[in-house]
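# Analysis of the macromolecular model
Chain residues, written in single-letter form:
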Amino acid sequence: MKGKLIYFLLFLIVILVVIFLVRNRSPFGRSNISFAVDPGREITAIELNDGEKRLLLERKGDEWLINGSLAARKSSIHFITAILMGIRIKSPVSEELYKAEVAEKELKPVRVRVYGRSRTIGSFYVYKTGSNTYGNIMKIRERSKPFIVHLPGYEGEIGSAFTLNELYWQPYTVFNILPSEIASVKLENFRDTTSSFTIRKNVNLYTLSDHSGELAGWDTSRIARYLSYFIRIPFERWAFEAGTDDSRFVMPADQPVYRITVNRTDGSQKSLIITERIINENGIERTDSDRVLGQTENHDDSFIMRYFDLDPILKKKSYFFPD
């Protein structure tokens, strides 16, 4: 009886081992494919390092910070955490492809470390390439087997999300100013200079002027409404971000169309320079009727804005006068 019990226990152990091996079987080797963070794990920080620069995204309460100081754009955090939780292998990478896309080009990877409550819960290398639609080749370790990795259900690039450019992670906002914080607004229309204007505010007293001096007969409520639009003026994306629409982009037009300068009550200033966006469709260049290029004095990178978001502050001088 005792011998039968021992044989039964050994048989049960063998069955459990077989079940475990079947469930965890992988044609690539389990240690080579664990790119995604295990389900149920909480991501509290993400570190990106390319050997020269380091970027840290870290959660502080309900907010994520960039390198400990700047507030991160919520949609960018949602996107990268969705990638880290859901990425799967699409296909292995052949030696020939890896040699051509990575080794021969001496492509440097981005090292990704994922933390959960100060503990490392994920780590891998991302080689940003143009050899596949997902824009990446990934490896668990530098000597591991390379794979093309994707996010099931998402057909766009995920490699571009692993960027160390702080601008990408910041909110896509040009102006975020309360009316009470505005001292003056100057709009310069370079194609119709007679439409240009300047609004100055002192407490609740306004003045409206153009190149000839102060104007009279304008509507105070329209000026107050106009200043309220500066609470939030967003842009769509940075011009350096990859996308199918950007593949048609040729260059900005030679001259800016508008410049909007806002002086704040604390003495700071911000200018938005707007230039038409030229695109190429089937070899024919035309002006984009839906979007423009924007740029501020804070940095050299351009961003893409929709007229829909920009229209509230693209007024002519005549807007402020009764019909």
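Below or above, wherever it landed, is the structure these notes cover. (Residues numbered from 1 in each chain as written. Predicted model: local features only at pLDDT ≥ 70, side-chain atom pairs only at ≥ 80, totals over all residues. Heavy atoms only, no water.)

A word on the pattern of salt bridges. Pairs can form between side chains of opposite charge once their charged atoms are near each other. Evaluation of the coordinates by the stated rule reveals 14 salt bridges. For K60, the salt bridge identified is with E58, shortest N-O distance 3.6 Å. With a shortest N-O distance of 2.8 Å, R277 and D288 are connected by a salt bridge. A residue pair is termed long-range when its members are at least 10 positions apart, and R277 in strand 19 (residues 269-281) and D288 in strand 20 (residues 284-296) qualify at eleven residues. Given the relative accessible area of 0%, R277 is considered buried. The exposure class assigned to D288 is buried, which follows from its relative accessible area of 6%. Within the structure, one salt-bridge network assembled from shared partners comprises E42, R59 and R117. (Salt bridge = Lys/Arg side-chain N within 4 Å of Asp/Glu carboxyl O. Helix = DSSP H or I, 4+ residues; strand = E, 2+ residues; numbered from the N terminus. Buried < 20%, exposed > 50% of the residue type's maximum accessible area, 1.4 Å probe, protein only.)

The next point concerns the packing of aromatic side chains. In the structure shown here, the tally under the stated rule is 16 aromatic pairs. The interplanar angle of 75 degrees and the centroid separation of 5.7 Å between the aromatic rings of F197 and Y226 together place this pair among those described as edge-to-face. Separated by 29 residues along the polypeptide, F197 in strand 12 (residues 197-202) and Y226 in helix 5 (residues 220-228) bring together distant segments of the chain. For F197, a relative accessible area of 2% puts it in the buried group. Residue classification places Y226 among the buried residues on the basis of a relative accessible area of 0%. With a centroid separation of 5.7 Å and 85 degrees between ring planes, the pair formed by W238 and F303 is classed as edge-to-face. One end of the pair, W238, is in strand 16 (residues 237-238); the other, F303, is in strand 21 (residues 303-306), with 65 residues separating them in the sequence. Of the two residues, W238 and F303, neither departs from the other in class, the shared state being buried. An aromatic cluster of three or more residues is present, and its members are F175, F197, Y226, F230, Y319 and F320. (Phe/Tyr/Trp six-rings, centres within 6.5 Å; stacked < 30°, edge-to-face > 60°.)

Among the secondary structure elements, D210 is positioned in strand 13 (residues 205-210). Separated by 2.5 Å, the side chains of D210 and S212 make a polar contact. With near-sequence residues (within four places) excluded, D210 lies in contact with S196, L215 and K317. (Polar contact = N/O pair within 3.5 Å; in protein donor to acceptor, adjacent residues only side chain to side chain. Contact = heavy atoms within 4.5 Å.)

Summarising the sheet, strand 1 (residues 45-49) and strand 2 (residues 54-60) pair through five bridges and their orientation is antiparallel. Opposite A45, over in strand 2, you have E58 as the bridge partner. The turn joining strand 1 and strand 2, which pair antiparallel and follow one another in sequence, is formed by four residues; a positive phi near 95 degrees is taken by G51. In the sheet, strand 2 pairs with strand 3 (residues 63-66) via four bridges, with the strands oriented antiparallel. (Pairing = 2+ DSSP bridges.)

As far as function goes, none of this settles anything; it's purely spatial.
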